[in-house]
Protein chains: 2
Amino acid sequence: MELEQARKELLALQEKMSAYEHATALLQYDGDTSAPEGTAANRAHTMAILGEELYKLAIGAETVQLLEYLDGQQEALTEKEQRMVYLLLKEIRHMQKIPMEEYIAFEKLTVEAGAVWHRAKEENDYASFRPYLDRLIAATTRIAGYCAPEKEPYDYWLDEYEEGMDQKKLDAFFDGLRTHLVPLIQKIGAAEQVDETPVRGEAPEEAQAKLVPYLMDLLGLDRAHVGFTTTLHPFTTSLGSHYDERITTNYKLDNYADSLFSVVHEGGHALYDTGSADELAYTALDGGGSMGLHESQSRFYENLIGRSRAFVNHIFPKLQELFPERVKGFTAEDVYRAVNRVTPSLIRTESDEVTYCLHIMIRYELEKRLFNGTLSTEDLPAEWNRLYREYLGVEVPDDAHGVLQDVHWSGGGFGYFPSYALGNVYGAALLEKMKETVDVEAAVAAGDLSLVNAWNREHIWQYGKLYPTQKILRDALGQEPTAEAYIRYLETKYSEIYGL
Amino acid sequence: MELEQARKELLALQEKMSAYEHATALLQYDGDTSAPEGTAANRAHTMAILGEELYKLAIGAETVQLLEYLDGQQEALTEKEQRMVYLLLKEIRHMQKIPMEEYIAFEKLTVEAGAVWHRAKEENDYASFRPYLDRLIAATTRIAGYCAPEKEPYDYWLDEYEEGMDQKKLDAFFDGLRTHLVPLIQKIGAAEQVDETPVRGEAPEEAQAKLVPYLMDLLGLDRAHVGFTTTLHPFTTSLGSHYDERITTNYKLDNYADSLFSVVHEGGHALYDTGSADELAYTALDGGGSMGLHESQSRFYENLIGRSRAFVNHIFPKLQELFPERVKGFTAEDVYRAVNRVTPSLIRTESDEVTYCLHIMIRYELEKRLFNGTLSTEDLPAEWNRLYREYLGVEVPDDAHGVLQDVHWSGGGFGYFPSYALGNVYGAALLEKMKETVDVEAAVAAGDLSLVNAWNREHIWQYGKLYPTQKILRDALGQEPTAEAYIRYLETKYSEIYGL
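Remember, it's a predicted structure, so these values are computed and weren't measured experimentally.

A. Spatial organisation of the overall build of chain A. On a plain count of helices and strands, chain A comes out with 21 helices and three strands. Over its C-alpha atoms chain A spans a radius of gyration of 23 Å, differing by no more than 12% from the 23 Å that the globule rule assigns to 500 residues. Referenced to the eigenvectors of the C-alpha coordinate spread, the extents of chain A come out at roughly 75 × 50 × 50 Å. Looking at chain A as a whole, 56% of its 500 residues are labelled buried. Restricting to contacts in chain A with at least 6 residues of sequence separation, those with at least 24 account for 73%. When the accessible surface of chain A is summed, it comes to about 20600 Å², and 51% of that surface belongs to carbon and sulfur atoms. Averaged over its 48 positive side-chain charges, chain A has a centre that lies 2 Å from the centre of its 82 negative ones.

B. Layout of the packing of helix H1 (residues 3-33) of chain B against helix H3 (residues 61-71) of chain B. All names here are of chain B. Interaxial distance between H1 and H3 falls to 10 Å at its minimum, and their mutual angle equals 125 degrees. In terms of axis orientation, H1 runs oblique to H3. Our pair here, H1 against H3, has a crossing hand that is left-handed. Here Leu3, Ala6, Arg7, Glu9, Leu10 and Leu13 of H1 come into contact with H3, specifically with Thr63, Leu66, Leu67, Tyr69 and Leu70. Of the residues contributing to the contact of H1 with H3, the split by class is eight nonpolar, one polar and two charged.

C. Just the sheet that holds strand S3 (residues 241-249) of chain A, in detail. Residue and element names in this part refer to chain A. The strand order across the open sheet formed by three strands is S1-S3-S2, and the pairing between neighbours is mixed. On the outer flanks of this sheet lie strand S1 (226-230) and strand S2 (236-239), each paired with one strand and no other. Looking at each pair of strands side by side, their axes are set apart by 25 degrees on average, direction ignored. As defined by bridge partners, S1 adjoins S3 across five bridges and the pair is classed as parallel. What sits directly across from Phe228, in S3, is Ile247. Sheet strands in contact with helix H9 (residues 205-219) are S1 and S3, and its direction is about 155 degrees off that of S1. Where helix H10 (residues 256-274) meets the sheet, its contacts fall on S1, S2 and S3, and the angle it forms with S3 comes to roughly 170 degrees.

D. Expanded view of the pairing of strand S2 (residues 236-239) of chain B. Residue and element names in this part refer to chain B. Taking every second residue as pointing to the same face, the buried face of S2 carries Thr237 and Leu239, while none of Thr236 and Ser238 on the other face is buried. The pairing of S2 with strand S3 (residues 241-249) spans four bridges and is antiparallel. Counted as the bridge partner of Leu239 is Ser241 from S3. Remark: one residue form the turn of the hairpin made by S2 and S3, two consecutive strands paired antiparallel; Gly240 in that turn has positive phi of roughly 85 degrees.

E. Just the environment of A:Val394, in detail. Residue and element names in this part refer to chain A. Along the polypeptide, Val394 turns up in the loop between helix H16 (380-392) and helix H17 (418-434). Judged by its relative accessible area of 13%, Val394 is buried. Taking the C-alpha atoms as reference points, Val394 and Val116, 278 residues apart in sequence, are found 27 Å from one another. Excluding residues within four positions of it along the chain, Val394 makes contact with Pro344, Ser345, Leu346, Tyr388 and Arg389.

F. Representation of the interface of chain A and chain B. The partner chain B presents 37 residues to the 37 residues of chain A that form the contact. At the boundary of chain A with chain B, total buried surface from both sides reaches about 2800 Å², with 57% on carbon and sulfur atoms. On the chain A side of the interface with chain B, the three residues burying the most area are A:Pro36, A:Asn42 and A:His45, jointly 18% of the side's total. Viewed at the interface, chain B and chain A are joined by six salt bridges.

G. Layout of helix H17 (residues 418-434) of chain B. Across its 17 residues, H17(B) extends 24 Å between first and last C-alpha, which sits within 8% of the 24 Å expected from 1.5 Å per residue. The element H17(B) is extensively covered by neighbouring structure, given that 15 of its 17 residues are classed as buried.

H. Region of the structure containing the relation of the copies chain A and chain B. Relative to chain B, chain A is turned by 180 degrees and slid 0.0 Å along the rotation axis, the superposed coordinates differing by an RMSD of 0.0 Å. The transformation relating the two chain copies, once decomposed into turn and shift, fits a two-fold axis. Of the C-alpha atoms belonging to chain A, the one lying closest to the rotation axis is found on A:Ala23, 2.8 Å away. Both copies share a contact surface, since 100% of the interface residues of chain A are interface residues in chain B too.

I. Representation of unusual backbone geometry within the structure. Unusually for a residue other than glycine, A:Tyr282 sits at a positive phi of about 65 degrees. Looking at the secondary structure, you find A:Tyr282 in the loop between H10 and helix H11 (291-305).

Calculation rules
Residues numbered from 1 in each chain as written. Chains lettered and ligands numbered in written order. Predicted model: local features only at pLDDT ≥ 70, side-chain atom pairs only at ≥ 80, totals over all residues. Heavy atoms only, no water. Helix = DSSP H or I, 4+ residues; strand = E, 2+ residues; numbered from the N terminus. Rg over C-alpha atoms; globule rule 2.2 N^0.38 Å. Buried < 20%, exposed > 50% of the residue type's maximum accessible area, 1.4 Å probe, protein only. Contact = heavy atoms within 4.5 Å. Areas by Shrake-Rupley, 256 points an atom, 1.4 Å probe, with all protein chains shown as cover. Lys, Arg positive; Asp, Glu negative; His and termini not counted. Charge placed at Lys NZ, Arg CZ, Asp CG, Glu CD. Axes fitted to C-alpha atoms, helices over the stretch in contact; angles between N-to-C directions. Parallel < 35°, antiparallel > 145°, perpendicular 65-115°, else oblique. Left-handed = near helix turned anticlockwise from the far one by under 90°. Nonpolar A, V, L, I, M, F, W, Y, C, P; charged D, E, K, R; others polar. Pairing = 2+ DSSP bridges. Buried area = accessible area lost by both parts, 1.4 Å probe. Salt bridge = Lys/Arg side-chain N within 4 Å of Asp/Glu carboxyl O. Expected span 1.5 Å × (residues − 1). Least-squares fit on C-alpha atoms with pLDDT ≥ 70 in both.

Next up, the structure:
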């Protein structure tokens with residue numbers, strides 16, 4: 001094979017893959033947004049065919065030959081090409097190591113388990129889900145064994161979701177967090193609770209809908225390339241490249257803050273994705289990096305920016321205009337306190353900034369023990385409930401509000417949860433670093449995030465998937481990320497709000 | 001090749017093609033409905049790649065080999081398989097006959113001509129479009145020569161858009177129509193004009209939006225498989241198979257009848273598409289047949305059903321509920337007359353049921369002469385204006401409202417217009433036949449179209465593209481379709497409305 005030709009083929013391969021990914025993502029998006037309710041089977045039919053074509057393209061003999069040739073020519077490749085080859089080959093190696101029958105059986109198992117979990121959650125019936133959980137743990141353990149026999153299975157999965165992560169690092173990280181968070185939450189619980197009235201009560205959909213473009217503009221999203229609509233559960237998706245991004249929200253008619261922060265959160269994901277360097281478009285390096293890094297950006301905008309005093313002050317006149325009945329008689333400070341109210345709760349997705357990581361730690365703790373054999377799925381619900389009591393001081397009334405609440409395990413997604421906590425930690429570390437050169441508070445107060453976004457673009461967004469997360473963070477921070485900045489941030493902010 | 005294997009491959013080929021068509025149609029739909037304005041280039045990038053994949057699939061060597069083998073085994077194939085092979089091979093033969101450079105040049109020409117036409121229409125500048133029109137006529141003449149050297153080029157294109165059609169048939173057909181329509185329009189022009197006030201005036205979008213699902217249910221559309229949204233120009237599209245159909249409308253805020261009949265029109269298209277027999281799904285036979293037959297169904301519901309007295313009577317209470325200010329002081333009969341108001345006009349797409357075919361005849365007349373060399377593009381605008389004066393009695397003020405009004409020619413779509421008129425004619429013939437066994441008026445008056453739809457399903461919809469249009473019509477009507485029923489329909493209806 002001739003090198004120049006192979007380099008061209010490498011780009012053509014990725015362009016083609018991006019076209020299939022565009023189609024698949026759009027089919028998914030259509031199903032989530034505007035498709036009539038009876039059309040799912042028709043869409044699945046098409047997705048199965050296009051998925052198979054993409055699969056053949058991604059791991060077909062021609063592709064393997066091309067990538068292995070290029071892998072042998074590392075020194076002649078650019079940094080970008082090396083990373084493309086690495087990422088594409090990584091996927092192939094992964095697939096090559098798993099016996100086809102194991103792979104097919106696992107796909108089938110997750111589909112079945114997903115349906116069983118749905119029903120089990122609705123009917124509060126852990127017993128029916130438990131055998132599937134056993135099979136999922138066994139299957140993911142076997143897969144980890146095929147792919148990385150030298151590692152503990154749970155470490156393999158942690159690294160899959162967050163390159164470079166393992167139990168040793170996470171243990172240290174979570175220990176540090178827990179040491180500070182548990183007492184902080186106890187102190188908050190003993191203090192006088194803040195009033196959430198300023199965000200509660202009837203908020204018409206039309207007013208909430210008007211808030212969305214206002215927020216998107218305020219965030220600095222390019223609305224020519226970022227669309228928005230409503231769905232049952234908010235999400236962000238890229239279509240084909242970082243040139244077409246969609247975010248969604250959902251209006252809670254008795255709480256305008258819900259969609260407000262949802263838009264700012266998804267907007268953060270969209271800023272990250274659309275901030276990829278143009279030369280990455282239609283390659284495997286386009287769009288945001290690891291899940292932890294992605295969450296670092298969405299939570300950066302949602303919490304560090306969106307739930308800051310400067311931000312709430314800035315949007316307060318808009319809230320007065322759109323929700324006059326809600327904020328009448330309240331100050332911006334009242335709203336600021338209301339949107340930062342801390343309440344230990346049962347459900348992860350409804351939890352606040354302070355307690356969120358404890359929900360994650362509970363899952364991490366349990367997953368570790370399920371994988372190292374010190375916890376059986378029989379004892380899992382009781383352990384779940386015990387940890388919620390210990391960490392958050394709440395009593396779990398039933399498994400539907402406990403061990404059955406998250407979808408992740410039913411899809412075999414063990415090791416995924418820690419990325420959420422890492423996102424919080426990365427975001428706070430980045431904010432501290434950013435503040436060395438950018439007056440973030442002044443920028444937010446003025447409603448002009450361009451300097452903030454420019455910093456994130458320069459240090460994070462532009463790279464897409466060009467570098468591993470840990471390298472991007474090291475370069476941005478000048479050191480390894482630690483939980484210290486996050487702990488400082490939470491302690492300072494909430495000590496002030498709760499007068500601790 | 002082994003026959004049974006080849007038959008399976010024939011189905012697999014079509015399933016795969018339908019998946020690509022689904023993706024492409026959805027990309028198009030997304031662009032027309034919810035995509036942010038700056039994302040067209042990104043979408044075009046993906047569509048070009050998927051389009052090339054589909055093209056390779058449709059006319060690649062493996063496909064040709066498969067189809068030619070099956071074509072040689074006709075007697076062993078079912079009727080459906082024979083038709084699949086015929087339709088798929090027809091496309092291949094077409095492509096094989098046109099030299100690649102001619103094909104590429106033509107594609108390029110239509111893209112350029114489209115842009116030039118857009119500007120020319122906006123700036124009323126026929127002179128700038130004329131050289132492109134010359135090139136388009138020359139190119140389509142050459143292509144016709146490659147594909148069917150035995151035919152006059154215009155006859156080739158007529159047959160392309162409506163299988164079995166040629167100038168001889170259309171001349172006879174249009175002569176008959178013209179003989180009756182021109183005097184009818186003159187008599188209507190001399191009679192007292194009906195009052196359009198009942199449909200005119202402010203009609204809030206929310207009320208119009210509520211009318212859509214009401215109409216869809218009334219038409220008997222299965223809303224689990226037919227979605228609707230709003231777009232600049234209304235259309236209907238199938239996504240992947242007849243199991244997922246989307247219709248769109250556009251609300252004119254000063255005329256609720258516009259969206260009303262648009263929904264009924266697009267609903268007719270959707271009824272037809274979704275009425276394909278299930279066994280045709282994911283094959284080349286799925287969905288509606290020729291363009292003329294498709295229009296016969298959309299216009300059947302829009303005009304023959306929707307603009308009937310029984311229909312207007314039935315929906316009148318709903319109009320009173322949604323547009324109380326508009327219909328206050330008017331009867332259902334007033335609304336019936338208003339939605340059947342005849343006004344000779346300049347613009348085809350805004351014309352009424354009676355004058356519509358004259359707009360088509362003018363284009364047919366001019367296209368014929370452009371192709372047989374008896375009319376030059378230099379003289380075209382004057383001839384256009386002369387025919388509008390002669391047929392419709394209107395003065396064309398400028399080319400933007402005359403010869404430049406339609407997009408079709410800029411895309412090389414010569415021979416396409418007659419299908420619109422054929423649709424009217426087919427629809428009226430089908431209605432007369434249907435009335436032999438179905439009490440259509442009683443069904444419409446009762447707001448229950450199930451018997452009407454069942455007749456259309458039995459005689460038209462279920463066949464998809466299994467038979468050529470002319471066979472479907474012959475079988476349904478028991479004879480060749482003629483314009484007589486359509487003329488009878490118009491003369492009876494409008495003589496009564498205008499008291500002729």
